[in-house]
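Listed below are the residues making up each chain.
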Amino acid sequence: APLQLNCHSSMRLFRPHCLNQSVSCRQFSCRGASLIPRRTQTRSCMAQAAGVDAAVQDPTMQYVVLRKDLWMTMGWPLGSVVAQACHASSAAIWLSREDPITVEYLAPENLDSMRKVVLECVDEAALRALAAKLDAAGIACKLWIEQPEDIATCLATCPSQKSRMATLFKKLPLCKAVLGKS
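Reading the values: the criteria
Residues numbered from 1 in each chain as written. Predicted model: local features only at pLDDT ≥ 70, side-chain atom pairs only at ≥ 80, totals over all residues. Heavy atoms only, no water. Phe/Tyr/Trp six-rings, centres within 6.5 Å; stacked < 30°, edge-to-face > 60°. Helix = DSSP H or I, 4+ residues; strand = E, 2+ residues; numbered from the N terminus. Buried < 20%, exposed > 50% of the residue type's maximum accessible area, 1.4 Å probe, protein only. Lys NZ or Arg CZ within 6 Å of the ring centre and 35° of its normal. Salt bridge = Lys/Arg side-chain N within 4 Å of Asp/Glu carboxyl O. Expected span 1.5 Å × (residues − 1). Arc of directions from axis to C-beta. Contact = heavy atoms within 4.5 Å.

Moving on, we get to the packing of aromatic side chains. Scanning all chains against the criterion turns up 1 aromatic pair. Here the aromatic rings of Y63 and F169 are separated by 4.2 Å at their centres, their planes lie at 5°, and the arrangement is stacked. Of this pair, Y63 sits in strand 5 (residues 60–67) while F169 sits in helix 6 (residues 162–169), and the two are 106 residues apart along the sequence. In this structure, Y63 and F169 share a single accessibility class: buried. The positively charged end of R97 is found above the aromatic ring belonging to W94, 3.8 Å away from the centroid.

The following block contains the structure:
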């Protein structure tokens, strides 16, 4: 059931991950994982609901792009491929750690609702071309160069709004690889 905020005569509905019940904003705050009695004006609750509506419409997210040839042609094992994505994602977040969008993305109340999209490209040349395209568009990212091989294996963007980045990734497919059976 959606969380129902009753602010004066207007009503906004949204689904935070922390609650599955209706709550009046005059009584409780819906921030975080628990209900806290509200002692502030109801206008702050309305602003919070509007902020959640905006976040749902244009979420903060991180794109991660892996090279498909790593597992298809070069035979890299699952753990090695996953490690490349982890390296790139962690490095991009670290490099943007003081950016207000990244700070919000990493806020304790948002840790259980982070959004990432993992895509694939065909090879290293395509990955490097994407990095150049993102750079030209002003999108901060980290191109992970695996050492000692000195090859680009993965790219991860710094957290940003989906609307700012989505068009640059439209032609890349979701990474749905089946890496093997054991």
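Here we come to the pattern of salt bridges. According to the stated counting rule, one finds 4 salt bridges in the structure shown. R67 serves as the salt-bridge partner of E124, at 3.8 Å between the closest nitrogen and oxygen. Placement of E124 in helix 5 (residues 124–136) and of R67 in strand 5 is noted, with a sequence separation of 57 residues between them. What makes E124 partly exposed here is its relative accessible area of 21%.

Here we take up helix 5. Taking 1.5 Å per residue as the helical rise, helix 5 with its 13 residues ought to reach 18 Å, and the 18 Å between its terminal C-alpha atoms agrees with that figure. For helix 5, every residue scored as buried is listed here: L127, L130, A131 and L134. Across the axial projection of helix 5, the buried residues extend over an arc of 100°, all falling on one side. Summarising the geometry of helix 5, the exposed residues directed more than 90 degrees from the buried face are A125 and A136. Buried residues along helix 5 sit in contact with strand 5, strand 6 (116–121), strand 7 (141–146), strand 8 (151–157) and helix 6.

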